[in-house]
Structure formats: C-alpha cells, structure tokens
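The residues making up each chain are set out below.
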Amino acid sequence: MSDTLDKAVEALNDKLSGGFNGIAKFSIKDTGDIIVDEDGAHAGDAEADVTLSASLETFRAMMEGDLNPTTAFMTGKLVIEGDMGKAMQLAQIFT
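Remember, it's a predicted structure, so these values are computed and weren't measured experimentally. (Residues numbered from 1 in each chain as written. Predicted model: local features only at pLDDT ≥ 70, side-chain atom pairs only at ≥ 80, totals over all residues. Heavy atoms only, no water.)

A.B. asks: Summarise helix H1 (residues 3-15); cite the residues concerned and give the values.
C.D. replies: Taking 1.5 Å per residue as the helical rise, H1 with its 13 residues ought to reach 18 Å, and the 19 Å between its terminal C-alpha atoms agrees with that figure. Looking only at H1, the buried set comprises Leu5, Ala8, Val9 and Leu12. Taken end-on, H1 shows its buried residues confined to a sector of 100 degrees, consistent with a single buried face. Exposed residues pointing more than 90 degrees away from the buried face of H1 are listed as Asp3, Lys7, Glu10 and Asp14. (Helix = DSSP H or I, 4+ residues; strand = E, 2+ residues; numbered from the N terminus. Expected span 1.5 Å × (residues − 1). Buried < 20%, exposed > 50% of the residue type's maximum accessible area, 1.4 Å probe, protein only. Arc of directions from axis to C-beta.)

Pasting the structure below:
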C-alpha cells in the first residue's frame, strides 16, 4: 500500500466517529481504493453499497475541508454510484 493511501486511511479514521452503517468505497484515481464499513476505514477493494470516485486532488480537498462534497459532485469532480443515502451520510464526515 502506498504512503498516500496509508495517510488517506488514517485521515478518514480520524474523521469517523466509530464505523459506518454499510459499506462504502472511495476509489481514488491512480492511487487505490479505501473501504469504509462498521470497522472504520481500510485499504482494499470490495463490493460496496456506494462508490465515490475522484482524483487524489479532489479527495484531498474534501478531506481538508477546502471542497464541499456536494459541490464536488455537482461539478463532476466526484462521481457517485450506488446508494445516494449512504453517500449523504459520508458527506457529513467532511464537514
């Protein structure tokens, strides 16, 4: 696993208060995938209720609070496939 992916997993776990009710996947272009589930965030690839795909720059901006996930979605920087309700739950960790 890359250092970048390790840092992303750590940052997500810092933002999560416990686990996540469901399975979500962050697919970060040219970097890898992160799964968020009841155990928290960890690198990996699995079937998910919702998949959020973005560039590393977009993901980083959302994690740092510089880019609202809704804005990223509306401008096409964030692609969401699957359960929109689960995606909305995840958006709350970025605020």
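A.B. asks: Give a detailed account of the sheet that holds strand E4 (residues 50-54), specifying residues and quantitative values.
C.D. replies: Strand order across the open sheet formed by 5 strands is E3-E2-E1-E4-E5, with mixed pairing between neighbours. The open sheet has two edge strands, strand E3 (40-43) and strand E5 (78-82), and neither has a second partner. When strand polarity is set aside, the average angle formed by the axes of neighbouring strands in this sheet is 20 degrees. As judged from the 5 bridges shared by E4 and E5, these two strands associate in the antiparallel manner. Opposite Leu52, over in E5, you have Ile80 as the bridge partner. (Pairing = 2+ DSSP bridges. Axes fitted to C-alpha atoms, helices over the stretch in contact; angles between N-to-C directions.)

A.B. asks: Explain the nonpolar core to me, using residue names and the numbers behind them.
C.D. replies: Leu12, Phe26, Ile34, Val36, Phe59 and Leu90 are the most contacted members of the largest nonpolar core, which has 28 residues in total. When contributions to this core are tallied by element, the ones reaching two or more residues are H1, strand E1 (24-28), strand E2 (32-37), E4, helix H2 (56-63), E5 and helix H4 (84-91). Here this core gets 5 residues from one element, more than from any other, and that element is H2. (Core = buried A, V, L, I, M, F, W, Y, C linked by side-chain atoms within 4.5 Å.)

A.B. asks: Give a description of the packing of H1 against H2 that names residues and reports values.
C.D. replies: Running from amino to carboxyl end, H1 crosses H2 at an angle of 30 degrees, the nearest separation of the two axes being 11 Å. Between H1 and H2, the crossing angle belongs to the class labelled roughly parallel. Our pair here, H1 against H2, has a crossing hand that is left-handed. For the pair H1 and H2, contact is made by Thr4, Ala8, Ala11, Leu12 and Lys15 and by Leu56, Phe59, Arg60 and Met63, respectively. Of the residues belonging to the contact of H1 with H2, the class tally is 6 nonpolar, 1 polar and 2 charged. (Parallel < 35°, antiparallel > 145°, perpendicular 65-115°, else oblique. Left-handed = near helix turned anticlockwise from the far one by under 90°. Contact = heavy atoms within 4.5 Å. Nonpolar A, V, L, I, M, F, W, Y, C, P; charged D, E, K, R; others polar.)

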